[in-house]
Amino acid sequence: MGDTEATLADLLVAACAEVWRGDPEWLATGITPIPRLGASLAKLSFNPGLMITDGENMFLEEPAPIGPRDAGPTAEGWAPYARTFDNLWGGRRHALVAPVQLDRFGQSNISVIGDHAAPKAALLGARGFPGNSISHPNSYFFPQHNRRALVEGEVDFVCSVGYNPARWPGGKLPHRLELRRIVTNLCVMDFGGPANAIRLVSLHPGVPLEEVHDNTGFDVVVPEGEIAETAVPDEAALAIIRRLDPHDIRASLIKGNPPAVRAA
């Protein structure tokens, strides 16, 4: 792959970065390497006001590369749990998370696969998902778009609140429930359909609409007119991505990591 040729992993980093376009000066959190690279790309390209951390306990002046590095990044301040939660509970955070399942309501699962009493697989547990989902905007990333991830019916265990009134206490919309975007290896979607239904935003280059339908367990709203194509990162964006990921960790996370533009 040449210096100016983008891979699918590069395209996904750039698509993830777009979830923070237009956000104010609040905490951008990307969970797993590609979303984290997306937050860093957003800060270094079109949204310098974003707050970012080193993923541990420091606010950073400039995003740190992922993987092994010789020197530590320049820290702007201490980011203990108390300061992080001040942003979180105050709604001053936008997280791009990577659950194992998502349903048509935007409810996500990181806890178990199968029945909770006798699961096929035990995962992380709900962790901070319940509170995060009603405290600040959230978006989602799936490196493999299929019916095991984007499921029919409800997720196996609801870890985060979605647009399902049947699960709202008293049937009342949580005050800060705001689900933004879904980035997958096939497309970008949002919650802009009727009654917050999941809607197609763009198809990645060369991906047919039928492939999205075939690999999604629920109906995706398709807007009228021509469907947009997800933008391939330009040379400036590619240079930033490669500087942030000098060990090419992103490539190992995408099966085969093909060119961003599929052959006809």
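Note: the structure precedes this text.
Numbering of residues starts from 1 in every chain and runs along the sequence as written. The predicted nature of this model means local features are confined to residues of pLDDT at least 70 and side-chain atom pairs, given and counted, to a pLDDT of 80 or more, with totals for whole chains, interfaces and linings taken over all residues. Calculation of side-chain values draws on the structure's entire complement of heavy atoms; hydrogens and water are dropped beforehand.

### Focus: the overall build of the chain
Note the following rule: Where helices and strands are cited, they refer to DSSP runs of H or I of at least four residues and of E of at least two residues respectively, numbered from the N terminus. Values of the radius of gyration come from C-alpha atoms, whereas the globule rule sets the reference at 2.2 Å times the count of residues to the power 0.38. Think of it in three bands: with a 1.4 Å probe and only protein chains considered, a residue is buried below 20% of the maximum accessible area for its type, exposed above 50%, and partly exposed in between. In what follows, residue pairs with any heavy atoms lying within 4.5 Å of each other are defined as contacts. Every accessible area reported is derived by Shrake-Rupley at a probe size of 1.4 Å, with residue values counting cover from the shown protein chains alone. As used throughout, the charge tally considers Lys and Arg to be positive and Asp and Glu to be negative, leaving His and the chain termini uncounted. Taken as the charge centre is NZ of Lys, CZ of Arg, CG of Asp or CD of Glu, depending on the residue.
For the chain, the count of helices and strands is seven helices and 13 strands. Against the compact-globule benchmark of 18 Å for 264 residues, the chain has a radius of gyration of 18 Å, which places it among compact chains. Per-residue burial over the chain gives 48% buried out of 264 residues. Sequence separation of at least 24 residues holds for 66% of the intrachain contacts in the chain that already meet a minimum separation of 6. Accessible area for the chain stands at about 12900 Å²; split by element, carbon and sulfur atoms hold 52% of it. Side chains of the chain carry 23 positive and 31 negative charges; the gap between the two charge centres is 6 Å.

### Focus on the nonpolar core
Put simply, the rule reads: Residues enter a nonpolar core if they are buried and are Ala, Val, Leu, Ile, Met, Phe, Trp, Tyr or Cys, with the set joined through side-chain atoms within 4.5 Å.
Ranked by size, the top nonpolar core spans 32 residues in total, and within it Leu12, Trp20, Ile34, Leu41, Phe141 and Val183 carry the most contacts. The set of elements that each furnish at least two residues to this core consists of α1 (8-17), α2 (33-45) and α6 (235-244). Examining the composition of this core, we find that nine residues originate from one element, α1, more than from any other. If near-sequence neighbours (up to four positions away) are discounted, Leu41 is found in contact with Val13, Ala14, Ala17, Ala237, Ile240, Ile241 and Leu244. Residues Ile110, Cys159, Ile182 and Leu200 belong to the second largest nonpolar core, which totals 26 residues.

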